[in-house]
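# Chain and residue survey
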Amino acid sequence: MTDWTDPDTFAQALDQVETKEKGNCFEDFEEGDVIEHDPGLTLTQFGNESWMSQTLNHDPAYWRTDAAAERGFDEPPIHPDYLTAATLGITVEDLSEKGGYFLGRTDVRFPESPVYAGTELHVESEVVNTATSSSRPEYGIVSWRTRGTDAETGDVLCSYERTNMIPRREPVATDGGTAATEGDGDDGPDPDLPEEFVTPEGGYYEDFVEALEAAADRDAAVAYRHERGRTQDDVTVASLPLSTLNTAKQHHNVDVMADSPSGDIVTYGDVTRSTALGHARSDEETWREVGFDDESFHTFVAVGDTVYAFTRVLEADDDASSDDAGTVTFEHIAFNQDDEPVYSGTRTAEIRKRSN
Ligand SMILES: C/C(=C\C(=O)O)C(=O)SCCNC(=O)CCNC(=O)[C@H](O)C(C)(C)COP(=O)(O)OP(=O)(O)OC[C@H]1O[C@@H](n2cnc3c(N)ncnc32)[C@H](O)[C@@H]1OP(=O)(O)O
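Here's what I pulled together on the structure shown here.

Here is what the cut-offs are and how they apply
- Residues numbered from 1 in each chain as written.
- Predicted model: local features only at pLDDT ≥ 70, side-chain atom pairs only at ≥ 80, totals over all residues.
- Heavy atoms only, no water.
- Helix = DSSP H or I, 4+ residues; strand = E, 2+ residues; numbered from the N terminus.
- Buried < 20%, exposed > 50% of the residue type's maximum accessible area, 1.4 Å probe, protein only.
- Areas by Shrake-Rupley, 256 points an atom, 1.4 Å probe, with all protein chains shown as cover.
- Axes fitted to C-alpha atoms, helices over the stretch in contact; angles between N-to-C directions.
- Parallel < 35°, antiparallel > 145°, perpendicular 65-115°, else oblique.
- Contact = heavy atoms within 4.5 Å.
- Nonpolar A, V, L, I, M, F, W, Y, C, P; charged D, E, K, R; others polar.
- Near = heavy atom within 4 Å.
- Polar contact = N/O pair within 3.5 Å; in protein donor to acceptor, adjacent residues only side chain to side chain.
- Pairing = 2+ DSSP bridges.
- Core = buried A, V, L, I, M, F, W, Y, C linked by side-chain atoms within 4.5 Å.

## Description of the overall build of the protein chain
Along the protein chain, the regular secondary structure elements total 9 helices and 12 strands. The C-alpha extent of the protein chain, read off along each of the three principal axes, is 85 × 55 × 40 Å. Counting all 356 residues of the protein chain, 46% fall into the buried class. As displayed, the protein chain offers around 18000 Å² of accessible surface, 45% of which is attributable to carbon and sulfur atoms.

## A short note on the packing of helix H4 (residues 80–89) against helix H9 (residues 269–281)
Describing two packed helices takes the angle between their axes plus the distance from one axis to the other. Running from N to C, H4 and H9 cross one another at 175 degrees; their axes reach a closest spacing of 10 Å. Viewed along their axes, H4 and H9 adopt a mutual orientation that is roughly antiparallel. Residue-level inspection shows Asp81, Thr84, Ala85 and Leu88 of H4 in contact with H9, the latter providing Asp270, Arg273, Ser274, Leu277 and Arg281. Looking at the contact of H4 with H9, its residues break down into 3 nonpolar, 2 polar and 4 charged.

## A closer look at the site of the ligand
Taken together, 29 residues surround the ligand, and among them Ser96, Ser133, Ser134, Ser135 and Arg136 come closest. Here an oxygen atom of the ligand sits 2.5 Å away from a polar atom, N or O, in the side chain of Arg136. In the environment of the ligand, an oxygen atom lies 2.8 Å from a nitrogen or oxygen atom belonging to the side chain of Arg162. If the ligand stood free it would expose 1100 Å²; the protein chains cover 77% of that surface. Here the shell around the ligand is composed, by residue class, of 13 nonpolar, 14 polar and 2 charged.

## Here's the deal with the pairing of strand S4 (residues 139–150)
Buried residues dominate S4, accounting for 9 of its 12 residues. Alignment of strand S3 (residues 120–132) against S4, held across 11 bridges, turns out to be antiparallel. When the sheet's bridge partners are listed, Glu124 is paired in S4 with Arg147. Between S3 and S4, which follow one another and run antiparallel, lie 6 residues. Looking at chain direction, S4 and strand S5 (residues 156–167) are connected through 11 bridges and run antiparallel. When the sheet's bridge partners are listed, Ser143 is paired in S5 with Thr163.

## Describing the environment of Leu95
One can find Leu95 in helix H5 (residues 92–95). Each residue touching Leu95, except ones within four places of it in the same chain, is listed here: Asn24, Phe29, Ile35, His37, Ser125, Trp144, Arg162 and Ile166.

## Quick notes on the nonpolar core
Judged by nonpolar contacts, the single largest core of 34 residues is most densely connected at Leu43, Trp51, Leu83 and Leu121. Elements supplying a minimum of two residues to this core: H4, strand S2 (102–109), S3, S5, H9, strand S9 (286–297), strand S10 (306–317) and strand S12 (341–352). Looking at this core, the element that brings in the most residues is H4, giving 5 residues. Residues in contact with Leu121, not counting those within four places in the same chain, are Gly40, Leu41, Leu43, Leu83, Ala86, Thr87, Ile90, Gly148, Thr149 and Leu157.

Next up, the structure:
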């Protein structure tokens, strides 16, 4: 009788059987398709606190009832970064589990009212664009618009448009593309940076306004770095994405990833950006997150890499949802221990005003 566990026999069996595949290839997506993502997710206090603690988002309004009440919340709410990561995590099985990296995201928006633990998320996505990649024939580039709603009330809690590289079933002939070749030695033109950098004195709205005024009419920018760093470990790389039901093999299958462009498992983009934002928020008086645009992931982050943050203040506007705050637009850049940018994006947030 055949011993299926004999190593030679088993190797042959493995070679001959079909693999029941997971996920979709580029060819499976057509513009206009709407995909509803099962199984949904209940936003829990545990999930929220693990995400926030590991990404260094320690704003007390999300941890303590007195600080929450002071911000006008009934109880510590779900943090927008965890909400964003969860709204993306549960789409992965349908959209990007086949492989292919998360390239970028824009138009990330939240409603004014907070979201509380116990809310059941219902998430669906529409395919908004499919394109060939001229530099990588084995991939296509797909964009989806995703909406996470409260399953009970139908209220939209988080929405965004995201773009991934998605493997093709059949590679196509391309024109070779315009992307720069790795190691081609071309460092581009000399950097065109301002002469001076201004750092806000504190983290209140007025500090950002004053810094922007100090930089105006001079060859100066309001830009600074944050001291904290977070080295990536098994928790941030593998556990946090799985806690949002993100099944991308990029984060937990070392075996498959050994043969991929990164050669290793990599940090979920939402962990990288949330960690950098945590560093930035630790140096400001955040009141409310409004939204994010032009988010891009520039290179991989892996176990052992350290995520730091750099902030540029773009503008400040007195108008906000509360008299206690003003609105500030930032550009945040996450970078690694070799000072290479790994993420960038613009963020609009309401920042507390100094009380008189
Ligand atoms: C899986 C997952 C979540 C999920 O499951 O969802 C994750 O969390 S994973 C972790 C987070 N992620 C990363 O760690 C990726 C970091 N990144 C890189 O390591 C490099 O980017 C690369 C190796 C992926 C590519 O490297 P590269 O081939 O040298 O890169 P590029 O030439 O820049 O991009 C190739 C083609 O994508 C076009 N392109 C780029 N960006 C955008 C954009 N924002 N919108 C529309 N098109 C875009 C580009 O225009 C080019 O198109 P063409 O091929 O037609 O020229």
